[in-house]
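# Structural overview for review
One letter stands for each residue in the lines below.
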Amino acid sequence: MAKGPWSAIETHAVQGLAALFAAEPDRLSRLTVEVAGLYFDWSKTHLDAALLGHFETLAEAMKFDAAREALFAGAVVNPSENRAATHVAERGSGAPDAVALASARRQCTRALVDAIEAGAFDDVTAILHIGIGGSVLGPALLVDALGRNGARLEVRFLSNIDGEAFDAAVNGLDPASTLVVVASKTFTTGETLANMAAALEWLAEAGGADPHGRLIAVTATPEAAVAAGIDETRVLLFDDGVGGRYSLWSAVGVSAALALGWDAFEELLEGAAEMDRHFRFSEAGANAPLLAACADQLYVQALGCQTRAVFAYDERLRLLPPYLQQLEMESNGKSATADGKPLGRASAAVTWGGTGTDAQHAVFQLLHQGRVTVPVEFVAVRDNDDAQDSEHHRLLLLNAFAQGAALMQGRASDDAQRNYPGNRPSATILIERLDARSLGALIAFYEHRTFANAVLLGINPFDQFGVELGKDIARAIGEGEAQGLLDASTRALIKRAGI
Ligand code: F6P
């Protein structure tokens, strides 16, 4: 752990935002970056020239350049599982062999998409996409963001084990014209397997002659999918090095490709590849993901912020906050370094958020006047695609910008209840137009920011052992083996629920 640079960052006399704007006439140009039709404005954060210098020193100490190269070269960057992280290869940015493999597998996905569109499964009007966590959040975001004006077919997403979720997901669907996509990297996830079984029953009850024949598996563990009765011709593969939360670029995106069309899927990958090039080749001061990570670390380490909030000022991006919650919290919610030592400092902030303007009327009170500082991120789109008077969109955007200004400027009052302290940080991402390309770039930005944060901290963002204990205990309770091991409170709850 590099102590020197951290102590320079943590002891730096952070100036107020107004003072920073006054003292740094070139602040806007230095803290804004344009890439792939996305404008990143980090000028309303407390980063200043000296801090950026300290972060550059930290990046050097943490061998940031080598770590980034290792990611793109397909070297082992996930040491606890002894593997590379090959999601960048899915969009053509990784090591040549990984890119070639990903491209060959993409052709298989494309062939299946073409076959479905050509009628190989008769008339298909809907996809029931079953998966959880990284096997559903990405595709759901893509379809919700891009499929509003003319999706080619309906896609329903089903993740929760709760039967209510199943009922809602299939409500109104015709089993005879629905294909079921079961996405699971491991093909062992309890919720997904239970929902797959329920879907098979639902197909069978409707009189389908071959329910298994309506299933498509997407997995890195094909033998498990085949063992579950899915014919290998309908098993789409992705690489073991593609983590669930980084997997939407792979065959996991097949439902989105079916809904949005193959060309849109390719454009998504191209947008991500453009962000890959930016992250890989831009110098530190002009590198959007790295700049954002520096601000993230400033707020967590030096200013003690335990959360950060993302507000999508665009309904089409309403699923971005939950997507980011998994990406950021499952990746960087760690207490140990990549070489297995205690981290000794906080890692990731809690990511939360919502949509604007709704959130202004619900949670912004705390952001403006609460005692905790929450770095806020606004994500907005310049052009709208809705059918309403453009005044709606103008109001939406001006509200986003007004909130950022209000958080920063504050308004002094002698009345403590009406006093706005101001000096509250925010960042803004303004997307020119929301399409597959810009969405791909946006999501890749967040992936690289997450990676940059992990490198600065010296942690491994690609494993997630923290999720295992709860699964183990649930399994033990399910198998009636946990009684003796459980506390009185949990035992009483089990008894009361009669399970
Ligand atoms: O339990 C967490 C997790 O393993 C996530 O990392 C993953 O995205 C999700 O569950 C689903 O896993 P799988 O794709 O293997 O079903």
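Let us look at the structure shown here. Per chain, residue numbering runs from 1 following the sequence as it is written. Selection of residues for local features in this predicted model requires a pLDDT of at least 70, selection of side-chain atom pairs for listing and counting requires 80 or more, and totals for whole chains, interfaces and linings are taken over all residues. Only heavy atoms go into the side-chain values, all of them from the structure, while hydrogens and water stay out.

Attention shifts here to the overall build of the protein. Numbering of helices and strands runs from the N terminus, with a helix taken as a DSSP run of H or I at least four residues long and a strand as a DSSP run of E at least two residues long. When helices and strands are tallied, the protein shows 19 helices and 11 strands. Radius of gyration (C-alpha) of the protein: 24 Å, near the 23 Å computed for a compact globule of 499 residues. For the protein, the spread of C-alpha atoms along the three principal axes comes to 75 × 60 × 50 Å. Taking all 499 residues of the protein together, the buried fraction comes to 52%. For accessible areas, the Shrake-Rupley method is used with a probe of radius 1.4 Å. Any residue's cover is judged against the shown protein chains and nothing else. Split by element, the accessible area of the protein, about 21,500 Å² in all, is 52% carbon and sulfur. Only C-alpha atoms enter the radius of gyration; for comparison, a globular chain is expected to reach 2.2 Å times N to the power 0.38, where N is the number of residues. A 1.4 Å probe rolled over the protein chains alone gives each residue an accessible area, and that area as a share of the maximum for its type sets the label: buried under 20%, exposed over 50%, partly exposed in between.

Our focus in this paragraph is unusual backbone geometry. Cis geometry marks the peptide bond from glycine 356 to threonine 357, where omega comes out at 10°. Here threonine 357 lies in the loop between β9 (350-355) and α15 (364-369). Positioned with a positive phi, lysine 63 is a non-glycine residue whose angle comes to about 55°. Residue lysine 63 is classed as exposed on the basis of its relative accessible area of 58%. Non-glycine residue asparagine 423 carries a positive phi angle of around 60°. Within the element layout of this structure, asparagine 423 appears in the loop between α16 (390-409) and β11 (426-431). On the accessibility criterion, asparagine 423 (34% relative accessible area) is partly exposed.

Once that is clear, we can look at the site of the ligand. Near the ligand there are 14 residues, and of these Ser135, Ser184, Lys185, Thr186 and Thr189 occur at the shortest range. Contact distances for the ligand include 2.8 Å between an oxygen atom and a backbone N or O atom of glycine 134. Glutamate 330 places a polar side-chain atom, nitrogen or oxygen, 2.8 Å from an oxygen atom of the ligand. Protein burial of the ligand: of its 390 Å² of free accessible surface, 88% is covered by the chains. Split into classes, the residues belonging to the shell around the ligand amount to two nonpolar, nine polar and three charged. Neighbouring residues are identified by heavy atoms, a residue being near a molecule or strand if any of them is within 4 Å of it. Two N or O atoms form a polar contact when they lie within 3.5 Å of each other; inside protein one atom must be a possible hydrogen donor and the other a possible acceptor, and for residues adjacent in sequence the pair counts only when both atoms belong to side chains. By the convention adopted, Pro, Cys, Tyr, Trp, Phe, Met, Ile, Leu, Val and Ala count as nonpolar, Lys, Arg, Asp and Glu as charged, and the other residues, Gly among them, as polar.

Each Phe, Tyr or Trp ring, with Trp reduced to its six-membered ring, pairs with another whose centre is within 6.5 Å; inter-plane angles below 30 degrees give stacked pairs, above 60 give edge-to-face pairs, and intermediate values give tilted ones. Inspection of every chain in the model, using the stated rule, returns 14 aromatic pairs. Between the aromatic rings of tryptophan 262 and phenylalanine 265, the centroid separation amounts to 5.3 Å while the plane-to-plane angle is 50°, which identifies the pairing as tilted. Residue tryptophan 262 and its partner phenylalanine 265 are both found in helix α12 (residues 262-281); the two are separated by three residues, about one turn of the helix. Considered together, tryptophan 262 and phenylalanine 265 belong to a single accessibility category, that of buried residues.

The strand order β4-β3-β5-β6-β7 describes an open sheet built from five strands, whose pairing is parallel. In the strand order of this sheet, the two ends are held by β4 (154-158) and β7 (235-237), each with one partner. Strand-to-strand twist in this sheet, taken as the mean axis angle between neighbours without regard to direction, amounts to 20°. Alignment of strand β6 (residues 215-219) against β7, held across three bridges, turns out to be parallel. Within β7, the residue paired with valine 218 across the bridge is leucine 236. Pairing between strands is defined by DSSP: at least two bridges between them are needed. For helices, the fitted axis covers only the stretch in contact; all axes are lines through C-alpha atoms, and the angles between them, taken along N-to-C directions, range from 0 to 180 degrees.

Put simply, a disulfide is two cysteine sulfurs that come within 2.5 Å. What the rule picks out here adds up to zero disulfides. Cysteine 305 provides the cysteine sulfur closest to cysteine 294, a residue in no disulfide bond, and the two sulfurs are 15 Å apart.

Its place among the elements puts arginine 277 in helix α12. Separated by 184 residues in the primary sequence, arginine 277 and serine 93 place their C-alpha atoms 7.8 Å from one another.

In space, the six strands of this open sheet follow the order β1-β2-β11-β10-β8-β9, with mixed pairing throughout. Single-partner strands in this sheet number two, and they are β1 (32-35) and β9. In this sheet, neighbouring strand axes are inclined to one another by 15° on average, regardless of whether the strands run parallel or antiparallel. When strand β2 (residues 38-41) meets β11, the two strands line up antiparallel, connected through four bridges. Bridging across to β11, phenylalanine 40 finds its partner in isoleucine 429. Whether two residues are in contact is decided by their heavy atoms: any pair within 4.5 Å suffices. Where helix α14 (residues 320-332) meets the sheet, its contacts fall on β8 (307-313), β9 and β10 (376-381), and the angle it forms with β9 comes to roughly 170°.

All right, on to the pattern of salt bridges then. We define a salt bridge as a contact between a side-chain nitrogen of Lys or Arg and a carboxyl oxygen of Asp or Glu at a distance within 4 Å. Applying the stated criterion to the full structure yields 32 salt bridges. Note that arginine 308 is salt-bridged to glutamate 377, the shortest N-O span being 2.7 Å. A residue pair is termed long-range when its members are at least 10 positions apart, and arginine 308 in strand β8 and glutamate 377 in strand β10 qualify at 69 residues. Residues arginine 433 and aspartate 385 are paired through a salt bridge, measuring 3.4 Å at the closest nitrogen-oxygen approach. Residue arginine 433 is located in the loop between β11 and α17 (436-457), and its partner aspartate 385 is located in the loop between β10 and α16; the two are separated by 48 residues in the primary sequence. On the accessibility criterion, aspartate 385 (31% relative accessible area) is partly exposed. When salt bridges with common partners are traced through the structure, they connect Asp296, Arg308, Glu328, Glu377 and Arg449 into a single cluster.

The next thing to look at is the side chain of serine 250. In this fold, serine 250 is placed in the loop between β7 and α11 (254-260). Under the relative-accessibility criterion, serine 250 is labelled buried at 3%. A polar contact of 2.7 Å, which involves the side chain of serine 250, links it to the backbone oxygen of serine 247. Among all residues touching serine 250, those that are not within four sequence positions of it are Glu90, Phe238 and Phe265.

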